[in-house]
Amino acid sequence: MFRKLLLTLAMLAGMTSVAAAATAAIATGNVNLRAGPSTAYPVVTVVPAGARIITYGCLDGYSWCDIGLGTTRGWVSASYIQVVYRGAPVVLTPALAPRVGVVVVGYNRAYWDRYYVRYPWYPTWRYYPPVVAPRINSFDRTVECANGACTATRSTTGIHGGTATHNRSCSNGECTATREVVGPRGNTASRVRNCSRAEQSCAVTRTGPRGNSHTRFFER
């Protein structure tokens, strides 16, 4: 899997080397492609995990990036973008972005008019760009791959003291994802998802703050 991902990124890099301010990349997970650099903007489409994308630049600070998915343009969080650096696929970070040629770009009404005039929500520009109050104090994401196995961890601390942690690990066709949320008052909730490629099935268990638990099974 690692070699295939690396080869794909390398091929894309060669294909887009002639385009100014464009860097070949791959989406690390299913993510909404937004009409602007915020979750308050409309969803243009969904970028599937592993999709080949082109990064045209990011906001100052490299939090959100302008990407292309085929002929569709939009914005995603930089944490969902993976590029090749020193021969290895890595998630785009503020420190890495300038080294791989990702430039700083802006966002304005001209962008909206150029790419979204045919969408039903196009006239709603008067509500954008939105002012969104920060809801988190900190965010961290790490991805490690070795010997055919990958582990990814995301953690967030809320402005009122709550925390959320999401761990995902995949190896030999088996994936486990665990999400745990602790509220500001100490209440907890969790979700555990196990998927097997061999059995072509997944099981999802949700546990609420009162200890109530429910498991669902999905098969192909």
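The rules we used
Residues numbered from 1 in each chain as written. Predicted model: local features only at pLDDT ≥ 70, side-chain atom pairs only at ≥ 80, totals over all residues. Heavy atoms only, no water. Pairing = 2+ DSSP bridges. Helix = DSSP H or I, 4+ residues; strand = E, 2+ residues; numbered from the N terminus. Axes fitted to C-alpha atoms, helices over the stretch in contact; angles between N-to-C directions. Phe/Tyr/Trp six-rings, centres within 6.5 Å; stacked < 30°, edge-to-face > 60°. Lys NZ or Arg CZ within 6 Å of the ring centre and 35° of its normal. Buried < 20%, exposed > 50% of the residue type's maximum accessible area, 1.4 Å probe, protein only. Core = buried A, V, L, I, M, F, W, Y, C linked by side-chain atoms within 4.5 Å. Disulfide = S-S within 2.5 Å. Salt bridge = Lys/Arg side-chain N within 4 Å of Asp/Glu carboxyl O.

K.L.:
Talk me through the sheet that holds strand E10 (residues 149-158); I want residue IDs and the actual numbers.
P.N.:
Read across the open sheet, the 7 strands follow the order E9-E10-E11-E12-E13-E14-E15; overall the sheet is antiparallel. The open sheet has two edge strands, strand E9 (136-146) and strand E15 (213-219), and neither has a second partner. Put simply, the sheet's adjacent strands are angled 5 degrees from each other on average, direction ignored. Sheet topology places strand E11 (residues 163-171) next to strand E12 (residues 174-182); 9 bridges connect them, and they run antiparallel. Bridging across to E12, Arg168 finds its partner in Ala177.

K.L.:
Can you break down the packing of aromatic side chains residue by residue, with the values?
P.N.:
Evaluated as defined, the whole model comprises 15 aromatic pairs. Between Tyr116 and Tyr119, the aromatic rings sit 5.7 Å apart at their centres with planes inclined by 75 degrees, giving edge-to-face as the arrangement. Linked through ring pairs, Tyr41, Trp75, Tyr107, Tyr111, Trp112, Tyr115, Tyr116, Tyr119, Trp121, Tyr122 and Trp125 together constitute an aromatic cluster. In this structure, Arg141 packs its charged tip against the face of Tyr80, placed 5.8 Å from the ring centre.

K.L.:
Account for unusual backbone geometry, with residues named and values stated.
P.N.:
Positioned with a positive phi, Tyr62 is a non-glycine residue whose angle comes to about 60 degrees. Mapped onto the secondary structure, Tyr62 falls in the loop between strand E4 (52-58) and strand E5 (64-69). The phi angle at Asn147 is positive, at roughly 55 degrees, despite the residue not being glycine. Given a relative accessible area of 83%, Asn147 falls into the exposed group.

K.L.:
Break down the nonpolar core for me, with residues and values.
P.N.:
Of all hydrophobic cores here, the largest spans 37 residues; its most connected members are Val47, Ile67, Ile81, Leu92, Trp112 and Tyr116. Elements with a minimum of two residues in this core: strand E1 (23-27), strand E2 (31-34), strand E3 (43-47), E4, E5, strand E6 (72-77), strand E7 (81-85) and helix H2 (109-115). A per-element tally of this core places E5 first, with 4 residues.

K.L.:
Lay out the state of the cysteines in plain terms, naming residues and giving numbers.
P.N.:
Under the counting rule described, the total for this entry stands at 4 disulfides. The partner cysteine of Cys58 in its disulfide is Cys65, sulfur to sulfur 1.9 Å. An S-S torsion of about 95 degrees defines the bridge between Cys58 and Cys65 as right-handed. We classify Cys58 as buried; its relative accessible area is 0%. Shown here is the disulfide that connects Cys145 with Cys150, its sulfur atoms set 2.1 Å apart. On the sign convention where negative is left-handed, the bridge of Cys145 and Cys150, at about 115 degrees about the S-S bond, is right-handed. Sequence-ordered numbering of the bonded cysteines in the protein gives a disulfide pattern of 1-2, 3-4, 5-6, 7-8.

K.L.:
Explain the pattern of salt bridges residue by residue, including any values.
P.N.:
This model, assessed by the stated rule, comprises 2 salt bridges. Notably, a salt bridge pairs Arg73 with Asp66, separated by 2.6 Å at the nearest N-O pair. In this pair, the class of Arg73 matches that of Asp66, namely buried. Between Asp113 and Arg109 there is a salt bridge whose closest N-O contact spans 2.8 Å. Placement of both Asp113 and Arg109 in helix H2 is noted, with a separation of 4 residues, approximately one turn of the helix. Judged by its relative accessible area of 30%, Asp113 is partly exposed. By relative accessible area, which is 36% here, Arg109 ends up partly exposed.

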